[in-house]
Amino acid sequence: MSVHPGPITVAPAAKSRRRRETAAAWAYLSPSVVVIIGLGLVPVVWSLILSFQADDLVTPSRFVGVDNYAALAQDPHFGQAVGNTLLYTALYVPLSIVLGLALALALNRRVRFIGVYRTLMFVPFVLSATAQGVLFSFILDPEFGVANSLLHRIGLSPQGFLTDPSQALLILVAITLWSGTGFCMVVFLAALQDVPPSLVEAARLDGAGPFRILRHVTLPAVLPVTTFLTLWQLIQSLQVFDLTYVTTKGGPLGSTTVIVYFIWQQAFQNFTAGYGAAAAYVLAVVLLALGLGVRLLRRDKEVR
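Computed from a predicted model, the values in this text were never measured in an experiment. Every residue gets a number counted from 1 within its own chain, in the order that chain's sequence is written. Reporting of local features is limited, given that this is a predicted model, to residues whose pLDDT is at least 70; pairs of side-chain atoms are given and counted only at 80 or more, and all residues count toward the totals for whole chains, interfaces and linings. Hydrogens and waters are ignored; side-chain quantities use all the structure's heavy atoms.

1. Side note on the packing of helix H3 (residues 76-107) against helix H7 (residues 168-192)
Right, on to step 1. Between N-to-C directions, angles span 0 to 180 degrees; the directions come from axes that are lines fitted to C-alpha atoms, helices contributing only their stretch in contact. By definition, any uninterrupted DSSP run of H or I lasting at least four residues is a helix, any uninterrupted run of E lasting at least two residues is a strand, and each is numbered from the N terminus. One way to put it is that H3 packs onto H7 with a least axis distance of 6 Å and a crossing angle of 40°. Relative to H7, the element H3 is oriented oblique. Like other packed secondary-structure pairs, H3 and H7 cross with a definite hand, here right-handed.
Right, on to step 2. When residues are sorted by character, Ala, Val, Leu, Ile, Met, Phe, Trp, Tyr, Cys and Pro go into the nonpolar class, Asp, Glu, Lys and Arg into the charged class, and all the rest, Gly among them, into the polar class. Its residues assigned to classes, the contact of H3 with H7 comprises 22 nonpolar, 6 polar and no charged. Just so you know how the angles are binned, under 35 degrees is roughly parallel, over 145 roughly antiparallel, 65 to 115 roughly perpendicular, and the rest oblique. Crossing handedness is defined as follows: a turn of the near helix away from the far one that is anticlockwise and smaller than a right angle gives a left-handed crossing, while the clockwise case is right-handed.

2. As for a positive patch on the surface
Right, on to step 1. Patch construction takes residues with relative accessible area above 30% that form no salt bridge. Like charges are linked within 9 Å, and nonpolar side chains (Val, Leu, Ile, Met, Phe, Trp, Tyr) are linked within 5 Å. The accessible surface values rely on the Shrake-Rupley method and a 1.4 Å probe; as for residues, cover is taken only from the protein chains in view. Salt bridges, as used here, are contacts in which a Lys or Arg side-chain nitrogen is within 4 Å of a carboxyl oxygen on Asp or Glu. Counting rule for charge: Lys and Arg are taken as positive, Asp and Glu as negative, and neither His nor the chain ends is counted. Every charge is mapped to an atom, namely NZ of Lys, CZ of Arg, CG of Asp or CD of Glu. On the surface, Lys15, Arg17, Arg18, Arg19 and Arg20 cluster together to form a positively charged patch.
Right, on to step 2. For Arg20, the location among the structural elements is in helix H1 (residues 12-50).
Right, on to step 3. Residue classification places Arg20 among the exposed residues on the basis of a relative accessible area of 52%. Throughout, exposure labels follow a simple rule: accessible area from a 1.4 Å probe, protein chains only, divided by the maximum for the residue type, with under 20% read as buried, over 50% as exposed, and the rest as partly exposed.

3. With respect to the packing of aromatic side chains
The geometry of an aromatic ring pair is captured by the separation of the ring centres together with the interplanar angle, meaning the angle of the planes.
Right, on to step 1. Each aromatic pair joins two rings of Phe, Tyr and Trp (for Trp, the six-membered one) with centres within 6.5 Å, and gets the label stacked for planes under 30 degrees apart, edge-to-face for over 60, and tilted for any other angle. Counting across every chain of the model gives 14 aromatic pairs.
Right, on to step 2. Three or more aromatic residues link up through ring pairs in this structure, and these residues are Phe122, Phe125, Phe183, Phe228 and Trp232.
Right, on to step 3. Working rule: Lys NZ or Arg CZ, within 6 Å of ring centre, within 35 degrees of ring normal, means a charge sits over the ring. If you follow Lys249 out to its NZ or CZ, it ends over the ring of Tyr245, 4.5 Å from the centre.

4. Examining the environment of Ile114
Right, on to step 1. Residue placement: Ile114 occurs in helix H4 (residues 114-126).
Right, on to step 2. For Ile114 and Pro142, which are 28 residues apart along the polypeptide, the C-alpha to C-alpha distance reads 37 Å.
Right, on to step 3. Note on definitions: a residue-residue contact is assigned when non-hydrogen atoms from the two residues lie within 4.5 Å. Discounting residues that sit within four places of it in the chain, Ile114 has contacts with Leu107 and Arg109.

5. Examining the UniProt feature "transmembrane region" (unreviewed entry) in the protein chain
Right, on to step 1. UniProt positions are given in the numbering used here, feature names are shortened, and annotations may be inferred rather than shown by experiment. In the numbering used here, UniProt assigns the "transmembrane region" (unreviewed entry) feature to residues 25-49, 86-107, 119-140, 168-192, 213-235 and 278-297.
Right, on to step 2. Annotated as 100% helix and 0% strand, the span residues 86-107 places its first and last C-alpha atoms 31 Å apart.
Right, on to step 3. Counting secondary structure, residues 119-140 comes out at 86% helix and 0% strand; the distance between its end C-alpha atoms is 25 Å.

6. Remarks on the nonpolar core
The nonpolar side chains of a soluble globular protein tend to be buried with one another.
Right, on to step 1. If you look at the biggest cluster of nonpolar residues, it comprises 36 residues, and the most contacted ones within it are Tyr88, Leu140, Phe188 and Leu229.
Right, on to step 2. Only H3, helix H6 (146-153), H7 and helix H10 (223-238) provide two or more residues apiece to this core.
Right, on to step 3. Ranked by residues supplied to this core, first place goes to H7 with 14 residues.
Right, on to step 4. Excluding residues that lie within four positions of it along the chain, Tyr88 makes contacts with Leu169, Leu172, Val173, Thr176, Ser237 and Val240.
Right, on to step 5. We call a set of buried residues a nonpolar core when its members are Ala, Val, Leu, Ile, Met, Phe, Trp, Tyr or Cys and they connect through side-chain atoms within 4.5 Å of each other. Ile259, Ile263, Ala278 and Leu283 belong to the second largest nonpolar core, which has 13 residues in total.

If you want it as structure tokens, here you go:
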């Protein structure tokens, strides 16, 4: 004769304890939840609504539909900002990754004072963009800067640097490389130290030289890290603002006006907040598409 167990019941004391634990958990989490909603979700929703309005941050706004987005498509200044941002990204992203990998390969060895060398390469990344901008504004000043003084001593003509429309954006790329390459170096260095030494030794026993080891062993091993760094650097380069603001204010002649600076300019200089919000959402959609694209590519590679 079999006995069927009845339904399992939870004692009232256990239910009460569980409610108290849940209430305590929410009490601890509530400040963070309020901050995330207040500083994250609310501004995102508010700026989306704002992008469909004409708003000067003073008078009452009015609904204009997609007029802000249509105006962006015909605005030559927005087109220039997009072009500058794409050029900046096309130069900075691959150069930072290649230089970071090269530095990581050079510093991935046991030599005397290796820790000092690694630290010196990483220190520029710790400096804020504001500090970098102020520093290089003094160094590259056309009249009193150290750079033109050195050029004069070796017999070369002075350069405009950040005041020359043909040079300013390239100088900004060089400054960002000076500071941002250290981050790529550290990430690559961590990945290189995870490469199994047995694979490298096996390749050497098979007669592979340094170039073949790099191509067939090292680079495939750090491919996931390279993908991460590519996406990270793309996002960082598309959002560059503070260095431009400190050094050139988008000039000269708009040659360094990037998308985020254009958004700030429209919202807080020209007081066309709705127009600036529309530009911000165009950038947000591009960043979202980049993230989803990289995720889909990685998933496709994993499936294959």
